[in-house]
2 protein chains.
Amino acid sequence: MAATLRDVARLAGVSTSTVSRALSLPDLVNPATRARVRSAADSLGYEPNKAARGLITGRTGNLGLVLPDLGNPFFPSVVKGVQARARAADVAVFVADTDEDVAAEMGLIRALAQQVDGLVLCSPRAEGDDLKAIAADTTVVLLNRLVDDLPAVVFDHEDGMRQAVAHLAALGHRRIAWVGGPAASWSSDQRGQGLSQASADHGVELIEVGHFPPHYDGGMAAADQVVATGATAVIAYNDLVAIGLLARLHARGIAVPERISVVGIDDIAMAAMARPALTTIRLPKEQAGRLAVELLLTLLDSPATTPERRTLQGDLMVRASTAEPPR
Amino acid sequence: MAATLRDVARLAGVSTSTVSRALSLPDLVNPATRARVRSAADSLGYEPNKAARGLITGRTGNLGLVLPDLGNPFFPSVVKGVQARARAADVAVFVADTDEDVAAEMGLIRALAQQVDGLVLCSPRAEGDDLKAIAADTTVVLLNRLVDDLPAVVFDHEDGMRQAVAHLAALGHRRIAWVGGPAASWSSDQRGQGLSQASADHGVELIEVGHFPPHYDGGMAAADQVVATGATAVIAYNDLVAIGLLARLHARGIAVPERISVVGIDDIAMAAMARPALTTIRLPKEQAGRLAVELLLTLLDSPATTPERRTLQGDLMVRASTAEPPR
DNA sequence: GCCGAGTGTGCAATCGGTTGCAAGCTGCTG
DNA sequence: CAGCAGCTTGCAACCGATTGCACACTCGGC
């Protein structure tokens with residue numbers, strides 16, 4: 001159906017090698033021939049077959065993105081960033097959603113690995129060693145996860161938590177609860193550590209109420225435990241959890257922010273729409289996606305490059321869910 | 001790096017053709033050899049190279065999904081359905097987000113088309129003729145769009161609107177506003193038509209307040225116009241728009257559902273979390289995604305099959321945003 | 001008029017599989 | 001025991017590109 005190199009060659013009256021060169025290494029061919037080839041290619045609507053090219057060059061021109069759950073709006077934002085940058089480089093993107101299934105994750109990663117030039121692994125839950133194994137034979141960039149010195153794009157969680165605690169401490173809170181995410185989540189870990197540090201610095205008491213699923217229901221489930229701690233403010237693993245907290249607190253008639261302040265992380269679109277509008281740490285999600293692809297492309301072009309790590313800052317968005325603690 | 005057919009052949013002491021057959025047409029080879037080949041393949045961790053296979057068979061084992069905006073939670077749900085079914089068939093999925101950009105859409109579709117066996121086009125905004133042109137040389141399944149007799153999975157919008165109107169009419173509403181989506185949206189069109197019909201049947205007055213962007217801000221923008229119509233109930237193009245309406249109405253101090261009832265469409269997760277929880281038409285999004293892939297795979301297996309069309313019913317989810325009109 | 005450098009092109013191998021065809025072997029029939 | 005069918009297996013062509021190498025030709029210098 002589609003025109004092949006041979007068709008173009010025949011039409012232009014040259015060999016296939018000349019056509020190939022005329023199109024990809026124009027300097028090597030005579031301007032006149034080059035023009036003839038080009039017009040032949042145009043008139044046939046020729047597009048090189050990626051599979052065939054990939055076979056010989058070893059480059060597929062594709063890239064893969066693996067993430068835990070598209071149902072969490074954080075991830076679609078990342079996808080958008082990844083796609084934007086990939087498109088600019090004329091690269092197509094495979095997307096795989098693991099459904100937060102740690103077991104399925106490695107399988108999906110491996111399946112994709114052999115079909116792409118490189119992978120962006122967003123918030124992977126797998127063991128560091130497994131990820132290193134993958135990175136050993138595929139170019140990989142981690143996003144929102146750090147494993148030794150694998151190339152990665154991460155958010156400065158420590159700084160983000162410092163901003164959140166500073167904000168709450170300034171309002172007068174002295175007892176803050178932390179609702180953690182999945183136990184296997186690197187970012188939950190980071191945030192927890194950042195919080196301990198920041199709380200200590202501000203002389204604020206931090207109470208960890210444990211690990212919860214990273215979505216609305218997790219927040220619903222955590223709310224009552226949070227209330228039981230007697231904390232006057234709570235920081236949630238992410239916005240979805242924070243919104244779940246909001247819902248359950250509302251249902252119990254506990255006023256936010258009058259009785260308790262709530263802080264989320266991510267700043268998904270829904271955060272601003274929540275009632276009360278959610279105070280949260282805005283993470284540059286799309287930018288992270290773009291940057292991850294950027295790193296990946298650089299690495300692919302010059303594999304010698306030392307793996308790079310980029311850290312992105314988040315910004316505290318103060319909205320209506322935080323206020324002074326009750327007296 | 002990765003093991004090839006040749007490596008397996010050498011290890012098993014047979015020719016490459018035998019290996020190929022042992023793995024894909026097991027009946028053709030002697031059970032003993034087959035076992036030897038299999039264990040050799042296993043021990044080498046052999047996985048056939050998709051590009052190479054695709055070159056000769058003409059099948060890539062990949063499929064593409066094009067959709068308008070991952071930022072709208074409706075679409076990630078569809079993606080999940082598509083991936084679930086594709087994964088079961090051991091097929092990888094390219095995902096492309098057009099950012100609601102009609103111009104970019106066709107470009108993306110064409111770029112993907114030459115790299116996949118088939119495409120699922122979800123809510124495409126392109127002209128019917130352009131879509132038919134694509135379908136002429138690629139296997140295509142439409143989702144939430146109908147163009148002549150191209151294979152498609154659609155929702156029964158007419159029925160959904162009937163349920164919504166019946167619900168509102170039963171509550172006593174006599175004047176209903178309709179906030180349409182993008183002008184290029186087939187589903188917006190369908191819903192509008194379904195509404196006219198249903199309103200007529202129920203002797204209810206329908207007021208169309210025009211076309212709005214299919215998200216939160218669209219709803220914010222539409223709210224005041226809705227109020228100005230004097231309607232006691234409003235049906236929005238989708239849940240995102242409905243939630244925008246809710247926000248603006250709240251800001252203006254117009255009580256929902258006391259002063260005005262609000263109905264959404266889709267039943268995205270956010271709908272149940274809204275305050276008040278949103279009455280909406282639940283569309284089986286994941287199922288639609290699965291079904292679209294199902295159709296696509298069938299079509300690919302036997303291109304002779306007459307293109308099929310599947311219609312899925314939505315269900316009215318009555319929540320807190322609808323009530324009797326003010327007296 | 002010959003040689004060397006430089007340019008432009010084609011030949012053929014290659015990537016990793018699949019598949020039509022033919023050949024070797026076994027075992028059965030007549 | 002010849003002959004034939006049926007089962008296994010290997011050879012080699014092929015899919016559509018890329019690329020190292022060699023050949024042909026031009027041009028300038030001596």
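Before reading further, recall that the structure is shown in the block above.
This one's a predicted model, so the numbers in the text were calculated from it and none came from an experiment.

**Notes on the pattern of salt bridges**
Residues and elements named next belong to chain B. Across all of its chains, the model carries 32 salt bridges over all chains by this definition. Put simply, Arg282 and Asp267 hold a salt bridge, and the shortest N to O gap is 2.6 Å. Within this pair, whereas Arg282 is found in strand 10 (residues 279–282), its partner Asp267 is found in the loop between strand 9 (261–266) and helix 12 (269–273), the two being separated by 15 residues in sequence. Look at Arg282 and you get partly exposed, because its relative accessible area is 36%. When the shortest N-O distance is used, the salt bridge between Arg319 and Asp267 registers 3.1 Å.

**Some points on the side chain of A:Arg125**
Residue and element names in this part refer to chain A. Mapped onto the secondary structure, Arg125 falls in the loop between strand 3 (118–122) and helix 7 (128–137). The buried category is assigned to Arg125, whose relative accessible area is 8%. One polar contact links Arg125 to Glu100, side chain to side chain, over a distance of 3.0 Å. Looking at Arg125, its side chain comes within polar contact range of the main-chain oxygen of Ser123, at 3.5 Å. Sequence-distant contacts of Arg125, defined by excluding residues within four places in its chain, comprise Pro68, Glu100, Val102, Glu105, Arg145, Pro182, Ala184, Ser185 and Tyr237.

**Digging into the protein's contact with DNA strand C**
DNA strand C sits among 27 residues. The nearest are A:Thr18, A:Thr33, B:Leu5, B:Ser20 and B:Arg53. For DNA strand C, the backbone portion of the atoms within 4 Å of the protein, that is sugar and phosphate, comes to 60%. In the environment of DNA strand C, a base nitrogen lies 2.8 Å from a nitrogen or oxygen atom belonging to the side chain of A:Arg21. Mapped by element, the contributors of at least two residues to the surface near DNA strand C are helix 2 (16–24) and helix 4 (50–57) of chain A together with helix 1 (5–12), helix 2 (16–24) and helix 4 (50–57) of chain B. Looking at the surface near DNA strand C, its residues break down into twelve nonpolar, ten polar and five charged.

**A closer look at the protein's contact with DNA strand D**
Close to DNA strand D lie 26 residues; A:Leu5, A:Ser20, A:Asn49, B:Thr18 and B:Thr33 are nearest. The sugar-phosphate portion of DNA strand D accounts for 63% of its atoms within 4 Å of the protein, the bases making up the rest. One of the backbone N or O atoms of B:Ser15 is found 2.9 Å from a phosphate oxygen in DNA strand D. Secondary-structure elements contributing two or more residues to the surface near DNA strand D are helix 1 (5–12), helix 2 and helix 4 of chain A together with helix 2 and helix 4 of chain B. In terms of residues, the surface near DNA strand D owes the most to one element, helix 4 of chain A, which gives five residues. By residue class, the composition of the surface near DNA strand D is eleven nonpolar, ten polar and five charged.

**Regarding the packing of aromatic side chains**
Across all of its chains, the model carries five aromatic pairs over all chains by this definition. On the numbers, 5.0 Å between centres and 85 degrees between planes, the contact of B:Phe74 with B:Phe75 is edge-to-face. B:Phe75 carries the same exposure label as B:Phe74, and that label is buried. Their ring planes at 75 degrees and their centres at 6.2 Å tell us that B:Phe74 and B:Phe155 sit as a pair that is edge-to-face. One end of the pair, B:Phe74, is in helix 5 (residues 74–88); the other, B:Phe155, is in strand 5 (residues 152–155), and 81 residues separate them in sequence. Each member of the pair B:Phe74 and B:Phe155 is classed as buried. Counting every residue linked through ring pairs, the aromatic cluster contains A:Phe74, A:Phe75 and A:Phe155.

**Remarks on the sheet that holds strand 9 of chain B**
Residues and elements named next belong to chain B. Spatially, the six strands line up as an open sheet ordered 7-6-8-9-10-12, and their pairing is mixed. At either margin of the open sheet sits one strand with a lone partner, and together these are strand 7 (205–211) and strand 12 (315–317). Going across the sheet, the axis of each strand differs from the next one's by a mean of 20 degrees, ignoring polarity. By the bridge criterion, three bridges tie strand 10 to strand 12 in an arrangement that is antiparallel. Looking at the pairing, Arg282 lines up with Asp315 of strand 12.

**Digging into the interface of chain B and chain A**
Each partner contributes residues to the interface: chain B has 35 residues there, and chain A has 35 residues. Three residues, B:Lys80, B:Met273 and B:Arg275, lead the burial of chain B against chain A; their summed loss comes to 22% of the area buried on that side. There are six salt bridges connecting chain B and chain A. For the salt bridge of A:Lys80 with B:Asp69, the shortest nitrogen-to-oxygen distance reads 2.6 Å. Our count for the chain B to chain A interface comes out at 19 residue pairs in polar contact (both at pLDDT 80 or more). Within the residue set of the side of chain B that touches chain A, elements represented by two or more residues are helix 4, helix 5, strand 2 (92–97), helix 6 (102–113), helix 11 (239–251) and helix 12 of chain B. Broken down by element, the side of chain B that touches chain A gets its largest block of residues, six residues, from strand 2 of chain B. The residue inventory of the side of chain B that touches chain A, partitioned by class, reads 20 nonpolar, seven polar and eight charged.

Analysis parameters
The written sequence of each chain sets the order in which its residues are numbered from 1. Labels follow written order: the first chain is A, the first ligand is 1, and so on. Where local features are concerned, this predicted model is filtered to residues with pLDDT of at least 70; where side-chain atom pairs are given and counted, the filter is 80 or more; whole-chain, interface and lining totals use all residues. The basis for every side-chain value is the complete set of heavy atoms in the structure, and neither hydrogens nor water enter the calculation. A side-chain nitrogen of Lys or Arg and a carboxyl oxygen of Asp or Glu constitute a salt bridge if their distance falls within 4 Å. Runs of E in the DSSP output that reach at least two residues are strands. Runs of H or I that reach at least four are helices, and both are numbered from the N terminus. Only protein chains enter the accessibility calculation, which uses a 1.4 Å probe; a residue whose area is less than 20% of its type maximum is buried, one above 50% is exposed, and one in between is partly exposed. In the analysis that follows, any N or O atom pair within 3.5 Å is treated as a polar contact, provided that within protein one partner can donate a hydrogen and the other can accept it, and provided that, for residues neighboring in sequence, both atoms belong to side chains. Contact definition: two residues touch when any of their heavy atoms are within 4.5 Å. Distances are taken per atom, and a residue is near a molecule or strand as soon as one of its heavy atoms is within 4 Å of it. Under the scheme applied here, ten amino acids are nonpolar (Ala, Val, Leu, Ile, Met, Phe, Trp, Tyr, Cys and Pro), four are charged (Asp, Glu, Lys and Arg), and all others, including Gly, are polar. Each Phe, Tyr or Trp ring (for Trp, its six-membered ring) is paired with any other whose centre lies within 6.5 Å, and the angle between the two planes then decides the class: stacked below 30 degrees, edge-to-face above 60, tilted in between. By the convention used here, strands pair only if DSSP detects at least 2 bridges between them. Helix axes are fitted to C-alpha atoms over the stretch in contact, other axes to C-alpha atoms as well, and angles between N-to-C directions run from 0 to 180 degrees. A simple way to read buried area is as the amount of 1.4 Å-probe accessible surface that goes missing from two parts once joined, with both sides added.

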